[in-house]
Amino acid sequence: MPRVSGSALALLRACAYPFRDDLAPLPPEAVSRASVVGSASHAVIAAALGHAAGEPFALSEDERATADACAARALDWLAALPGRHEAEVAYAWDVRARKARRLVQRHARDYSDVDRSHEIPCTLDVVSHRFDGSIVNVYDWKTGRAAHVEPARDNAQLLLGALCVAHETRAPSIGIGIVFLGDGSEPARASLATVDDVDLDAFAAELARLHASIATAAPTPGPHCVERYCRRLGQCDATRSALLAVAAPEAPQAWPVVVDARDIVDAAHAAWLLETARLAEAVSGRATAAVRAWTAEHGGTLPLGDGRVYGPSPGPGRIDARVALPVLAAEGLDLDVAAPRSVSRDSIGEGFRARGGEAISAGVRRVVAAIEAAGGVTGGGERWTTRKA
């Protein structure tokens, strides 16, 4: 059965091949120390919110300090939001019937009773309910590096959580947020959005289509192979072929392309693999530059299929707190929430979320426009991104 879960949906969107059930078994998954620290911080947060504690994590003194610091930042962030907070809420979404059910888990990420033929499980870090029942929010904690994490509105893992919560609560809209905790040394920052029935119906249709495509999916190599931590990377013929295609012609190509240290034969194999990977990186960078130049000369955007395009867009620009604070004060936002140390679009969104009474995204756009009109938004430049058309 396809083993798709909420955390793997970003990869599924890019390539369904890794989820086929007719492929060779995967080797045991290596767990990084950063991942262990992240899981430990999640557990501390969940325990503080009344969730039953699981098995203790074996951490060094420094790792435990980092986990505790991240948890403290998350709990500080939640303390500014009035309401009832549930931790580690698990669901299974039925892609055929388009309905959700809560899961009873004996341990973390226990998906043993999920029917993988038509259900996608997920565990939500926090579901937050306003005391009057007017607002339901779904939050996901991110520790460590934030590279390659989609903003909340486009984040498939969050959208699945919102879909399940909306089905259970019948709420007409759900607030969603990715809360970046980093290493716990700075205040939490967030990417926030609000989704409604129209957004969630469209995502439910996308999930059904993606799930149905798994059985016959062909490999689609690309940056997502690394960025989305595809565990099939070393087994996928398309990825191996892409690397071999850019290997130096004079290099011996009898070696296999592998991504697991246990599969490296000897020092000669390791040296060849390193040179091949370096060359692939160089070719990738030059190819990307060539694509950007070609796209700029042919209309400015490159269709990628599935409603996505690649092209330049203006950067968001930096908000000058000295100009922004009077604007925020005039809006009646709680400055302790909206600007604890600096002002960003996320922190403005947090201010609107705490205050209530207005759609967050619309309020942020309006306030940022006012700050920009006052000369408080500078820089930004141009960045190339993949986005929905």
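Residues numbered from 1 in each chain as written. Predicted model: local features only at pLDDT ≥ 70, side-chain atom pairs only at ≥ 80, totals over all residues. Heavy atoms only, no water.

Caption draft 1: Region of interest: the pairing of strand S8 (residues 308–314). The pairing of strand S7 (residues 302–305) with S8 spans 3 bridges and is antiparallel. Bridge pairing in S8 links Pro303 to Val309. Here S7 folds back onto S8 in antiparallel fashion, the turn holding 2 residues, of which Asp306 has a positive phi close to 55°. Strand direction decides the pairing type here: S8 and strand S11 (residues 382–388), joined by 7 bridges, are antiparallel. Paired with Gly311 across the bridge in S11 is Thr385. (Pairing = 2+ DSSP bridges. Helix = DSSP H or I, 4+ residues; strand = E, 2+ residues; numbered from the N terminus.)

Caption draft 2: The arrangement of the packing of helix H9 (residues 321–331) against helix H12 (residues 360–373) in detail. H12 packs onto H9 with a crossing angle of 135° between their chain directions and a minimal axis gap of 9 Å. With respect to H12, the element H9 is oriented oblique. When you trace H9 past H12, the crossing you get is right-handed. Of the residues in H12, those touching H9 at Val323, Ala324, Val327, Leu328 and Glu331 are Arg366, Val367, Ala370 and Ile371. Partitioning the contact of H9 with H12 into residue classes produces 7 nonpolar, no polar and 2 charged. (Axes fitted to C-alpha atoms, helices over the stretch in contact; angles between N-to-C directions. Parallel < 35°, antiparallel > 145°, perpendicular 65-115°, else oblique. Left-handed = near helix turned anticlockwise from the far one by under 90°. Contact = heavy atoms within 4.5 Å. Nonpolar A, V, L, I, M, F, W, Y, C, P; charged D, E, K, R; others polar.)

Caption draft 3: Structural detail: unusual backbone geometry. In this model, Glu88 sits at a positive phi of 55°, which is unusual for a non-glycine residue. Position of Glu88 among the secondary structure elements: in strand S1 (residues 84–94). With a relative accessible area of 15%, Glu88 lands in the buried category. Phi is positive for Arg98, which is not a glycine, with a value near 55°. (Buried < 20%, exposed > 50% of the residue type's maximum accessible area, 1.4 Å probe, protein only.)

Caption draft 4: Up close: the confidence of the model for the chain. When pLDDT is averaged across the chain, the result is 83; 89% of the residues are at 70 or more. Every residue in residues 337–341 is under pLDDT 50, and counting partners more than four places away or in other chains gives 14 contacts. (pLDDT = per-residue confidence, 0-100.)

Caption draft 5: Region of interest: the environment of Leu159. With respect to the helices, strands and loops of the structure, Leu159 is situated in helix H4 (residues 156–169). Since its relative accessible area comes to 6%, Leu159 is described here as buried. Distance from Leu159 to Val195, taken between C-alpha atoms, is 8.2 Å for residues 36 residues apart in sequence. Ignoring sequence-local partners within four residues, the contact set of Leu159 consists of Arg13, Arg153, Asp154, Ile176, Val195, Leu200 and Phe203.

Caption draft 6: Local environment of the nonpolar core. Among the nonpolar cores identified, the biggest contains 43 residues, and Leu9, Trp93, Leu160, Ile174, Ile176 and Leu207 are the most heavily contacted of them. Of the residues forming this core, the biggest block, 9 residues, is contributed by H4. Discounting chain neighbours no more than four positions away, the residues touching Ile174 are Val136, Val138, Ala162, Val165, Ala166, Thr169, Ala193, Thr194 and Val195. Listed in part, the 15 residues of the second largest apolar core include Ala71, Ala74, Trp77 and Tyr139. (Core = buried A, V, L, I, M, F, W, Y, C linked by side-chain atoms within 4.5 Å.)

Caption draft 7: Structural detail: helix H2 (residues 33–48). Taking 1.5 Å per residue, 16 residues should reach 22 Å; H2 reaches 23 Å between its end C-alpha atoms and fits that length. Every buried residue of H2 is listed here: Val36, Val37, Gly38, Ala40, Ser41, His42, Ile45 and Ala46. Tucked inside the fold, the buried residues of H2 contact helix H3 (61–79), S1, strand S3 (119–129), strand S4 (136–143) and strand S5 (173–182). Positive backbone phi, approximately 95°, marks Gly50, located one or two places after H2. (Expected span 1.5 Å × (residues − 1).)

Caption draft 8: Expanded view of the sheet that holds S8. Taken in spatial order, the 3 strands line up as S7-S8-S11 in an open sheet, and their pairing is antiparallel. Of all strands in the sheet, those with a lone pairing partner are S7 and S11, marking the two edges. The mean angle between the axes of side-by-side strands here comes to 35°, regardless of whether they run parallel or antiparallel. With respect to the sheet, helix H8 (residues 267–297) is in contact with S7, S8 and S11, its orientation differing from that of S8 by roughly 80°.

Caption draft 9: The sheet that holds strand S6 (residues 189–196), seen in detail. Strand order in the open sheet formed by 6 strands is S2-S1-S3-S4-S5-S6, with mixed pairing between adjacent strands. Two strands lie at the open edges of the sheet, namely strand S2 (99–102) and S6, each paired on one side alone. Mean inter-strand twist for the sheet, computed between neighbouring axes without regard to direction, equals 35°. In this structure, S1 lies alongside S3, joined through 10 bridges in antiparallel fashion. Among the inter-strand pairings, Arg84 is bridged to a residue of S3, identified as His129. Along the sheet, H2 makes contact with S1, S3, S4 and S5, crossing S4 at roughly 145°.

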